[in-house]
Amino acid sequence: FGYRFFPHLVNGEGFFISAFRKTGEAEPTERRGRKKTIEKPTKEELNIIAPYIEEKVLSYVMKQKEHFFLINEKIESDLNFFSGSLNIRKKGTLLGEIKGKDFIPNHELALSIHLNKGIPAAPVEEEPALKFLKKADIKPTDETPKGFCVVRFQNQALGWIKNLGNRANNYLPKEWRILTDIS
C-alpha cells in the first residue's frame, strides 16, 4: 500500500509512505552492518551531566561520539537494535557535549521538560528577552550566578547564557535568532 500526503492538502512539505506485508514465515535475520555507535556514558561523564537533568532520567542518557542524548525509556531497546544497521538522525533530546572537564549544554536541554529545576536561572524582562532572542549579548545582573544559566522570561526557558561576570555569552543557536526588527 502507498499513501501520498500532498503539500497543498496537509500542513508541511508532503511525503509518501508505503507499507508492505510479508506473506509466509519470517526468516531469522542476521545482524550485519555497522557496529553500534551508541553507548552508555562513563560514571565520570554522568557525574558531569547529572546537575543539568532530573535524577530519575539519568539512566537513559546515551553517548554518541562526543554528544550526549536523553532517550525515551520505551524506545531504548529498539534504538540499540536499529543503531547497528541504520543511521538514526535524531535519537532523543540532545543534552550537550563535554569539552575537557566542562559540560557545554545544548539548546534542546534548556527547553526540555527534564531540565533540573535547580539549574541557575537568569530571569529577564521583555526587552532583554528580545535582545537574547536576537542573539545579542545581554548584561547579567549582579544576582546572576557565574557559569551556565537558563535565561527565563515569565518562567519560560529561552536558552543558555554563560555568565562571565562582567558580560555573558549568548548560546542561542544562530539559526533560531530573530532577524526582524522588533520595537
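Residues numbered from 1 in each chain as written. Predicted model: local features only at pLDDT ≥ 70, side-chain atom pairs only at ≥ 80, totals over all residues. Heavy atoms only, no water.

Here's the deal with the overall build of the chain
The cut-off we apply is this: Numbering of helices and strands runs from the N terminus, with a helix taken as a DSSP run of H or I at least four residues long and a strand as a DSSP run of E at least two residues long. Here the radius of gyration uses the C-alpha set of atoms, whereas the globule reference equals 2.2 Å times the residue count to the power 0.38. Note on exposure labels: buried denotes an accessible area under 20% of the residue type's maximum, exposed denotes more than 50%, and partly exposed covers the range between, all computed with a 1.4 Å probe on protein chains only. Throughout, a residue-residue contact means that at least one pair of heavy atoms, one from each residue, lies within 4.5 Å. Surface exposure here means Shrake-Rupley accessible area, sampled with a 1.4 Å probe, where a residue is shielded only by the protein chains that are shown. Only four residue types enter the charge count: Lys and Arg as positive, Asp and Glu as negative, with His and the chain ends excluded. Taken as the charge location is NZ of Lys, CZ of Arg, CG of Asp or CD of Glu.
Of regular secondary structure, the chain possesses four helices and 10 strands. Secondary structure of the chain in N-to-C order comes out as β-β-α-β-β-α-β-β-α-β-α-β-β-β. A globule of 183 residues ought to have a C-alpha radius of gyration of about 16 Å, yet the chain, at 21 Å, is considerably larger. Classification of the 183 residues of the chain by burial places 32% in the buried group. A fraction of 56% describes how many contacts in the chain between residues 6 or more apart in sequence connect residues 24 or more apart. Per element, the accessible surface of the chain, about 13300 Å² overall, is 52% carbon and sulfur. The average position of the 30 basic charges and that of the 24 acidic charges among the side chains of the chain differ by 4 Å.

Quick look at the pairing of strand 9 (residues 156-163)
Stated formally: Any two strands are treated as partners once DSSP identifies two or more bridges connecting them.
For strand 9, the tally of buried residues reaches six of eight residues, placing the bulk of the element in the interior. In the sheet, strand 8 (residues 147-153) pairs with strand 9 via seven bridges, with the strands oriented antiparallel. Its bridge partner lying in strand 9, Phe-153 is registered against Gln-156. Here strand 8 folds back onto strand 9, and the loop between the two strands holds two residues, one of which, Gln-154, carries a positive phi near 50 degrees.

Notes on the nonpolar core
We count it as follows: Grouping buried Ala, Val, Leu, Ile, Met, Phe, Trp, Tyr and Cys residues that are joined through side-chain atoms within 4.5 Å yields what is termed a nonpolar core.
Counting 26 residues, the largest nonpolar core has Ile-49, Ile-53, Val-61, Leu-95, Leu-109 and Trp-160 as its most contacted members. At the level of secondary structure, the elements contributing two or more residues to this core comprise strand 3 (61-64), strand 4 (67-70), strand 5 (93-99), helix 3 (107-110), strand 8 and strand 9. Apart from the residues lying within four places of it in its own chain, the contact partners of Leu-109 are Tyr-52, Ile-53, Thr-93, Leu-94, Leu-95, Phe-103, Leu-115 and Trp-160. One finds Ala-122, Val-124, Ile-138 and Leu-172 within the second-largest nonpolar core, a separate group that totals 11 residues.

Brief notes about the sheet that holds strand 7 (residues 121-124)
How we decide: Throughout, an axis means a line fitted to C-alpha atoms (over the contacting stretch in the case of helices), and angles, computed between N-to-C directions, take values from 0 to 180 degrees.
Read from one edge of the open sheet, four strands run 7-8-9-10, paired in mixed fashion. Among the strands making up the open sheet, the edge pair consists of strand 7 and strand 10 (168-170). Neighbour to neighbour, the strand axes of the sheet diverge by 40 degrees on average, direction disregarded. Across four bridges, the pairing between strand 7 and strand 8 is parallel. Its bridge partner being in strand 8, Ala-122 is matched across the sheet by Val-151. Taken strand by strand, helix 4 (residues 126-133) contacts strand 7, strand 8, strand 9 and strand 10, and its axis lies near 75 degrees from that of strand 9.

Side note on the pattern of salt bridges
What counts here: A side-chain nitrogen of Lys or Arg and a carboxyl oxygen of Asp or Glu constitute a salt bridge if their distance falls within 4 Å.
One pass over the full model with this rule turns up six salt bridges. Residue Lys-40 pairs with Glu-76 through a salt bridge whose shortest N-O separation is 3.3 Å. Note that Lys-40 is positioned in the loop between strand 2 (15-18) and helix 1 (43-49) and Glu-76 in helix 2 (residues 76-83), a separation of 36 residues in sequence. Shared partners join several salt bridges into a network, and the residues in it are Glu-54, Lys-56 and Lys-117.

Regarding the sheet that holds strand 3
Here we have four strands laid out as an open sheet, ordered 3-4-5-6, and antiparallel in their pairing. Edge positions in the open sheet fall to strand 3 and strand 6 (102-105), since each of these has one partner strand only. Going across the sheet, the axis of each strand differs from the next one's by a mean of 30 degrees, ignoring polarity. Direction of pairing for strand 3 relative to strand 4: antiparallel, over a ladder of four bridges. Within the sheet, the bridge partner assigned to Gln-64 lies in strand 4 and is His-67.

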